[in-house]
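Okay, here's what each chain looks like letter by letter:
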Amino acid sequence: MSHFLPEEEVVLTACQGLALTYPGIGLCVEPLYLLATRPAPQRRVALVAGGGAGHEPLHTGLLGRGGLDAVVPGAVFTSPGSAQIAAATLAAALLGQRDGVLHIVKNYTGDRINFALAADQIRAAGIPVAEVVVDDDLATDRAAAGRRGTGATVVVEKLLGALADQGTDLDQLAELGAQVAAASRSLAVCARAHTSPADRAPAFHLQPRELDYGIGIHGERAAHTLAGRPSVDLVVTRMLDELLASVPTGPYGVIAVISSLGGTSDLELRIISALVHQDLTSRGIHVHALAAGTYVTALDMAGFSITLTGLAPGWAGLWDLPTDTPLRLPGSAASTTTTLAPPTHTPSTTARTGTPQPARNGGRAFLDELHKIATHAHVDLTRLDQATGDGDFGDNFCGGVTAAVALADRAGLAGTTALADTFRDHVGGSSGPLFGMLFTALAPSADHVPADIPALAAALRRALTRITAIGGARPGDCTLVDALAPAADALAVTPPAEPGRALTAAAHAAIDGARRTAALTARRGRASYTGSHSEGLPDPGAVAIALVLTALAHVHEPRLAGDLPALPDIIRC
C-alpha cells in the first residue's frame, strides 16, 4: 500500500526487507539489484528480469531456484537504468558455468531501451545475451508501441525457470519464452485507482458505480469506463470472451492467472477464480492450473487482471515443477470441486425442533413484517456496525431474516420457527446464536393470533436469561441486552386491562433502550475494542432488538404501532 512508504529509499528498503526474509537472495546496493545465491547446479543460462517497483511480487517473487537469477528494480513505475541491468546481468552470468543470459522484458519503452543498452554492454564483454519480450495486454492490442507487458510475465518466468534448471541452452529458452508470450493475453479492470505515493490521494477518480475496463499496471486509465458497474460474473464473462478470441485453446488446455492489482481481497479473488473456472469449463476448455492471488500489482489499486495462456506439449509439466522462491504458485487445478456431505450422525434440524410446523393462524405475519423492516434497515445497520465494530451485522441479521423467509417457503415452517432454525444453525458471528436464542424463545408464541401476552412476556424473559448467561452481557454494557431487558420488563408489567397495547409499550421500551446505548461505553463485543469511535452511536444489536419488537407490535397492535418511530428516528440520537 502506498500509504506507508518512507520518504526516502523506498525501493532499496523494500529490497533489504526481501533479502532479510529470504536468505537465498543477495542484495547489491549500488547499483541496485537482487541475486539468487543458490541456483540449480544444472542451469547453464541465467534469467534476468526487472522493471519499475510497485508491481510486487512481480519478478522478485520468482527470484530463486526454479525462477529468476537476478531482478533489477527501478523506482516506482519507472524502468531501471541500463547500468543497473548490466551489473545484474554480469553478476548472474558469473554464477557457476553459464553459457549466456536471457533477459525477460515487459513491453514498455523505458524497459526495452534500457535492457537493450545493457545487453549491448554484456555482449561486448563476450557473453551471449538474448531477449524475450512479454506483450500480453489485450487492452493495448492496437497501440502503436504494441501491447503492454503485464500478467503473462509470471507465466513466462515460471516456465522458463523450470526449463533453465534442466540445463537448456539459450536459444531453446528464448524460443520457449517467445512462444509462451505469444500464447498469452491479459485484461485488467479496476474500481478504484491506486494511491499516488506523491500526495497519498487516488491517482484518478471513478464514480462509485463505475469500472475502468482495460486498465494498465502503472495506473494508466482504460479506454473504456463501464457505468453502472455490472455484476462480477458478467465482467468475468466479457473479459474471457475477449481473451479467448486471441488465446489458442487446444487439447492441452490453459493456465489461468487471476491477480489482485494490490487492493482486491483474497475473498474476491477466490470468487473470481471460481467464475473463471466455471466459465472456461462450460466452454469445453480444460483448465490445467488456476492461480488466484497477488502476483502483478499497481500499488494498492482495487482491481484484478485475468491472464490466459494456451498450453503446448510439455508446458503443463514445467508449470507444475516446484520452486524455491518467495512466491509459490499452485500446480494443476482440480477439475471439479470436491463436495463433502456432513457427518450422518449429526442431529438434524427436524430432530431438534420437531416436525416442521405448517404456517397457520397467522404463522407467517411476524416473519414477513420483520423481513420488510430488515430489508429497509440493512444499509443503516451495516453503517452502524462499521462505526462500532467490524461491519458484518447488517449482513448477518438481515441476511438471516431473508434466509428464514426462504426456509419457511421451502419447508412450510411457521415464521418464528424458521427464524429460530436459521439463526441458530446458519448465521455466524455473535448475532447468529444470540438472536437464535431470542427466536427460539419466541416460537411459537410470536405467531399466535391473537397475541398471548403472558406467553410472550415469559418468552422474552427466557431469552434474556439465556442470552445474559451465554454472552455475559448485562444492562449498561452497550449490547442488545440494553434493548431486550427494558422490553421484557415492560411486557411483564402490562396491566391486565390493557393487553391490546402491551407490545407497543414493549417496542417503545426497546427503542428507548437502544437509543440510550449511544451514551454508553461498550464493555462487550467488538465495539469494546474501538474506544471512543463507538461513542455517540447506538449499538446495532440493540437497534435490531427494537426492530424485532416493532415488528411484533405492527402485527398484533397495528393501530397503536403505527406511531412507533421509524428506523432513522431510532438511530438518530
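Structure shown above.
Right, let's walk through the structure included here.

**Concerning the overall build of the chain**
So, step 1. Counting its regular elements, the chain contains 19 helices and 12 strands.
So, step 2. Taken along the three principal axes of its C-alpha coordinates, the chain extends 105 × 50 × 40 Å.
So, step 3. Looking at the 573 residues of the chain, the share that counts as buried comes to 53%.
So, step 4. Partitioning the intrachain contacts of the chain with sequence separation of at least 6 by distance along the chain shows that 72% fall at a separation of at least 24.
So, step 5. Total accessible area on the chain stands at roughly 24400 Å², and carbon and sulfur atoms take up 55% of it.
So, step 6. When the 41 positive and 54 negative side-chain charges of the chain are each reduced to one mean point, those points stand 5 Å apart.

**Structural notes on the nonpolar core**
So, step 1. Judged by nonpolar contacts, the single largest core of 72 residues is most densely connected at Phe397, Phe435, Leu438, Phe439, Val548 and Leu549.
So, step 2. Counting residues per element, this core draws most heavily on helix α17 (residues 540–556), which supplies 11 residues.
So, step 3. When sequence neighbours within four positions are dropped, the list of residues in contact with Phe439 reads Phe366, Leu370, Thr416, Leu419, Ala420, Phe423 and Val548.
So, step 4. The next biggest cluster of nonpolar side chains, apart from the first, holds 52 residues, and it includes Leu68, Leu176, Val257 and Trp315.

**So, empty space enclosed by the protein**
So, step 1. Here the structure, examined in full by the defined rule, presents one cavity of 30 Å³ or more.
So, step 2. Roughly 50 Å³ of volume is contained in the largest cavity.
So, step 3. What lines the largest cavity is simply Asp137, Thr150, Gly151, Ser186, Leu187, Ala188, Ile215, Ile217, Leu261, Val296 and Ser305.
So, step 4. The dominant element in the lining of the largest cavity, judged by the number of residues it contributes, is strand β7 (residues 184–192), at three residues.

**Considerations on the packing of aromatic side chains**
So, step 1. With the rule as written, the count across this model stands at seven aromatic pairs.
So, step 2. Ring centres 5.2 Å apart and planes at 55° place the aromatic pair Phe423 and Phe439 in the tilted group. Taken together, the positions of Phe423 in helix α12 (residues 415–426) and Phe439 in helix α13 (residues 431–442) put the pair 16 residues apart, joining distant regions of the chain.
So, step 3. In this structure Phe423 comes out as buried when scored by relative accessible area, which is 0%.
So, step 4. The class for Phe439 is buried, based on a relative accessible area of 0%.
So, step 5. Aromatic ring contacts, followed pair by pair, group Phe393, Phe397, Phe423, Phe435 and Phe439 into a single cluster.
So, step 6. The ring of Tyr213 has Arg238 sitting right over it, with the charged end atom 4.3 Å from the ring centre.

**Section: helix α7 (residues 266–282)**
So, step 1. With 17 residues, α7 extends 24 Å from end C-alpha to end C-alpha; this agrees with the ideal 24 Å at 1.5 Å per step.
So, step 2. Three or more residues of α7 are buried, namely Leu269, Ile272, Ser273, Val276, His277, Asp279 and Leu280. All buried residues of α7 fall inside an arc of 165° around its axis, so they share one side. Along α7, exposed side chains directed more than 90 degrees from the buried face belong to Leu267, Gln278 and Ser282.
So, step 3. Those residues of α7 hidden inside the fold are in contact with α6 (232–244), β10 (254–260), β11 (287–293) and β12 (302–310).
So, step 4. Phi turns positive one or two residues past the end of α7, at Gly284, with a value near 80°.

The rules behind each value
- Residue indices follow the written sequence of each chain, beginning from 1 at its first position.
- Only residues with pLDDT of at least 70 get local features here, since the model is predicted, and only at 80 or more are side-chain atom pairs given and counted; chain-wide, interface and lining totals rely on the full set of residues.
- Hydrogen atoms and water are omitted, and side-chain values are computed over all heavy atoms in the structure.
- Helix and strand definitions here come from DSSP, where helices need a minimum of 4 consecutive H or I residues and strands a minimum of 2 consecutive E residues; each element is numbered from the N-terminal end.
- A 1.4 Å probe rolled over the protein chains alone gives each residue an accessible area, and that area as a share of the maximum for its type sets the label: buried under 20%, exposed over 50%, partly exposed in between.
- Here a residue-residue contact requires only that any non-hydrogen atoms of the pair lie within 4.5 Å.
- Note on areas: these come from Shrake-Rupley sampling with a 1.4 Å probe, and a residue is covered only by the protein chains present in the view.
- Positive residues here are Lys and Arg, negative ones are Asp and Glu, while His and the chain termini are left out of the count.
- For the purpose of locating charges, the reference atoms are NZ of Lys, CZ of Arg, CG of Asp and CD of Glu.
- We call a set of buried residues a nonpolar core when its members are Ala, Val, Leu, Ile, Met, Phe, Trp, Tyr or Cys and they connect through side-chain atoms within 4.5 Å of each other.
- In this analysis, the protein atoms alone were mapped onto a 1 Å grid. Cavities are point sets where a 1.4 Å probe fits without being able to get out; pockets are open sets with protein on both sides within 12 Å along at least five of seven lines; lining residues have an atom within 4 Å of a point.
- Grid points are joined across faces, edges and corners, and a volume is the space filled by probe spheres set on the points.
- The pairing test for Phe, Tyr and Trp rings, Trp by its six-membered ring, is centres within 6.5 Å, and the orientation test on the planes gives stacked under 30 degrees, edge-to-face over 60, and tilted for anything in between.
- Placement of a positive charge over a ring is assigned whenever Lys NZ or Arg CZ falls within 6 Å of the ring centre and within 35 degrees of the normal to the ring plane.
- The length a helix should cover is 1.5 Å for every residue beyond the first.
- This arc describes the spread of directions from the helix axis toward the C-beta atoms.

The analysis is restricted to geometry; functional conclusions fall outside its scope.
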